[in-house]
Amino acid sequence: MQNRGVAHAVEPAVAHGEDPRTYARLLAEVYDATMAGERPPARPREVIGDSWERVIAAGLRPDSGAGPAIHSADLARLRRESGLGGLIDDFTGGLAPITDAGSSIMVVSDAEGRLLWRSGSPRVLREADRLGFVEGAAWSENDVGTNAIGTALASRAPVQTFSAEHFARNQHPWTCSAAPIRDRRTGRVLGVVDVSGPASTVHPTTLALVAAVAGLAEASLREAHLAGLDQLRTVAAPLLAGLGGPGLVVDAHGWVAAVGQLAPCTRVTLPTAVDSAHLWLPELGQCSVEPLPGGWLLRPVADAARGAGTRVVLDLRAGRTPSVTVTGAAGEWRHQLTPRHAQILALLSDGRGRTAAQIAESLFGDAARVVTVRAEISRLRRVLSGLIAAQPYRFADSVAVETLR
């Protein structure tokens, strides 16, 4: 319950020394009262309470007999597109201390919560079949309510769900521990690794092990990425040496393999699809683009004024994630904004220009917080290269700005 302390990044459902059977009875009382709209005897853990609120708002019912959608016909394609196939042996080996006991199964889902692989106890697999916890099944929160896989995806953090913490009543006999797997190149969640079994198998250390295995998988992906950059670098070094001007070589995700006659950088922001011989990039302005095996050669266009003829659209409409779209001669580029960056750009969009102290006063009610403002604008200028002028801060004179509210 919530009075056991503040939720941590890896918080087990049942604390060390707590009796699972006693806790399960209390959870059942909390669940029944909450679903009936009554005052519960205690508050659920924050991660569970937040999930219940999302699921109820989405219109799901705890006693619905509808099972999850099954995508078995698409299973081979979903596995291939997940990027997780090469990690299955790592997951299986890392979680063997739990699954080899014969009371649990390992499950791997994609980023949408669709189950792609299962292994473990045949008896538990048969029980999972009856629940619809099968390969191809959709187990996001929107599909089946609060559960470790769906809630780990929604919260982007490791989650253990025990007994009546699950939203659907038919999942109460289970306990599940899941952790998201991120691609450290992009920050994108690729999927989830999970250990599930009867509620009686709940243990405080299970979630920590699952999270550790997910972390090792992320490290493995990172090592493969670095190896790919090293391979690209062997092509890039002689190419840049003979270029006769500034340029850099990046992989398909914008990570820099080598730089020639430019300030060192780690990554540039590429669009989702590179389908033009010229691009406007936030870090470099206009660039010519040439394909390479495993990446791209980017050459800044030296005589192009970075802000010239550029149109910026700030989308600050309610109910949407704030974003900025930049359109110029080399095409269009869109970037999601943090709430703070959205506030700053909204202030600058009126064209009047502001000092750091004036921005601090508007944002915080404290003109002395200029260091914070300058740090945030420095980050913004790395994203919107050449489009934000200083002294005072404003959009460059050649930039046309439109704000959608």
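Read on for an overview of the structure. All values reported here derive from a predicted model rather than from experimental measurement. Numbers given to residues run from 1 along each chain, matching the order in which its sequence is written. It should be noted that, the model being predicted, local features are given only for residues of pLDDT at least 70 and side-chain atom pairs only at 80 or more, the latter also being counted only at that level, while totals for whole chains, interfaces and linings use all residues. Excluded from the side-chain calculation are hydrogens and water; included are all heavy atoms of the structure.

Think of it this way: any DSSP run of H or I at least four residues long counts as a helix, any run of E at least two long counts as a strand, and we number them from the N terminus. With respect to the helices and strands, threonine 99 occurs in helix 5 (residues 96-99). Contacts are assigned to residue pairs with any non-hydrogen atoms lying within 4.5 Å of each other. In this view, threonine 99 contacts Ser104, Ile105 and Met106; residues no more than four positions away in its chain are not counted.

On to helix 11 (residues 356-364), then. The buried label applies to any residue whose accessible area, calculated with a 1.4 Å probe on protein chains only, is under 20% of its type's maximum; exposed applies above 50%, and partly exposed to all values in between. All buried positions along helix 11 are accounted for by Ala356, Ile359, Ala360 and Leu363. Viewed along the axis of helix 11, the buried residues span an arc of 100 degrees, placing them on a single side of the element. On its buried face, helix 11 is in contact with helix 10 (339-348) and helix 12 (370-383). Phi turns positive, to about 70 degrees, at glycine 365, one or two residues after helix 11. The directions considered for the arc are those from the helix axis to the C-beta atoms.

Now for the pattern of salt bridges. By definition, a salt bridge exists where a carboxyl oxygen of Asp or Glu is found within 4 Å of a side-chain nitrogen of Lys or Arg. Enumeration according to the criterion identifies 21 salt bridges in this entry. With a shortest N-O distance of 3.0 Å, aspartate 129 and arginine 118 are connected by a salt bridge. Residue aspartate 129 is found in helix 6 (residues 122-131), and its partner arginine 118 is found in strand 2 (residues 115-120); the two are separated by 11 residues along the sequence. Accessibility expressed as a relative area gives 39% for aspartate 129, which makes it partly exposed.

Burial within strand 4 (residues 174-183) is extensive, with 9 of its 10 residues counted as buried. Across 4 bridges, the pairing between strand 3 (residues 159-162) and strand 4 is antiparallel. From the neighbouring strand, threonine 161 faces strand 4, where its bridge partner is cysteine 176. The rule for pairing is simple: two strands pair if DSSP sees at least two bridges between them. Here strand 4 pairs with strand 5 (residues 188-198) via 10 bridges, running antiparallel.

Any link to function would need more than the numbers given here.
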